[in-house]
Amino acid sequence: MFLSQTVIFVTILSLGCRVLTIWELPLSQLVYTRHLGKCSRFVLRVAKEQQKVEQAMRVIGIDPGLRNLGWGVIDTDGSRISHVANGTCHSSTGTELGARLLSLHAQLTDVFAQFAPDTAGVEQTFVNKDGAGTLKLGQARGIAMLVPAQAGLSIGEYAPNKIKKTVVGVGHADKTQVAHMVKMQLPGVVLTGPDATDALAIALCHAFHSRTGNTLSAALARAGA
């Protein structure tokens, strides 16, 4: 699983000592480059506190789309991740835009009510040659941002290349590679469609960046207290 395989580089400046670089291989196997007296003890406190502040978290990833809006839910507990559910919210073509957006909002709200996620990740959109299509996608993305905001959740936004790089290891991976890595990281998952697959990749990306950012900051604060 990528949560335990990724190497994270952290630089700590503390207690008046030289810069110390830590490699985390996973969290339970922290090693440090130099034995620096007080600094080494501080680093060990950081490792212990970082493990304490890790908590189980339910993450939803959302792949915005006006016709098909994908969603995927995973549970994380430290370096362990597991699949909960995935699916797609649909809106009918030929229906007026307002009604389509309302339908997506109602469907996604039901997903949130059923699975009660703790945090959400949403894919960013970029302007392309089809200005009208980009505008419609942006409106659907507004629904993808609105529903978790109404639920009081924190929301992470990620560029497509960042999602692919986090999950696959390369920023220009194709959909087949993304689907393969999602299956590798969520053993036994049944992918309900390409949009739901992308949403699970977004959830994995958000889980990784939320964990590495939030727990380290909290651990540093508690270790230095």
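Here, every reference points to the structure presented above.
Residues numbered from 1 in each chain as written. Predicted model: local features only at pLDDT ≥ 70, side-chain atom pairs only at ≥ 80, totals over all residues. Heavy atoms only, no water.

Remarks on the overall build of the protein chain
What the protein chain contains, in helices and strands, is 7 helices and 8 strands. Across the 225 residues in the protein chain, those meeting the buried criterion constitute 44%. Within the protein chain, contacts between residues at least 6 apart in sequence are counted, and of these 58% link residues at least 24 apart. Within the structure as shown, the protein chain displays about 11,400 Å² of accessible surface, and the carbon and sulfur contribution to it stands at 55%. (Helix = DSSP H or I, 4+ residues; strand = E, 2+ residues; numbered from the N terminus. Buried < 20%, exposed > 50% of the residue type's maximum accessible area, 1.4 Å probe, protein only. Contact = heavy atoms within 4.5 Å. Areas by Shrake-Rupley, 256 points an atom, 1.4 Å probe, with all protein chains shown as cover.)

Things to note about the pattern of salt bridges
What the rule picks out here adds up to 4 salt bridges. One salt bridge connects Asp 75 with Arg 58, and the closest N-O pair in it is separated by 2.7 Å. Here Arg 58 lies in strand E4 (residues 57-63) and Asp 75 lies in strand E5 (residues 68-77), a separation of 17 residues in the sequence. Asp 75 sits in the partly exposed class, given a relative accessible area of 23%. (Salt bridge = Lys/Arg side-chain N within 4 Å of Asp/Glu carboxyl O.)

Let's talk about helix H3 (residues 97-115)
With 19 residues, H3 should cover 27 Å at 1.5 Å per step; its first-to-last C-alpha distance of 27 Å lies within 8% of that length. Buried residues along H3 sit in contact with E4, E5, strand E6 (80-90) and helix H4 (131-150). Where H3 terminates, the next one or two residues include Ala 116, which has phi positive at roughly 50°. (Expected span 1.5 Å × (residues − 1).)

Quick notes on the packing of aromatic side chains
Aromatic ring pairs: the centre-centre distance and the angle between the two ring planes describe each pair. Going through the model one piece at a time under the given rule, you end up with 1 aromatic pair. Ring plane angle 40° and centroid distance 5.5 Å describe the contact between Trp 71 and Phe 115, whose orientation is recorded as tilted. Of this pair, Trp 71 sits in strand E5 while Phe 115 is found in helix H3, placing the two residues 44 residues apart along the sequence. A single burial state applies to Trp 71 and to Phe 115, both of which are buried. (Phe/Tyr/Trp six-rings, centres within 6.5 Å; stacked < 30°, edge-to-face > 60°.)

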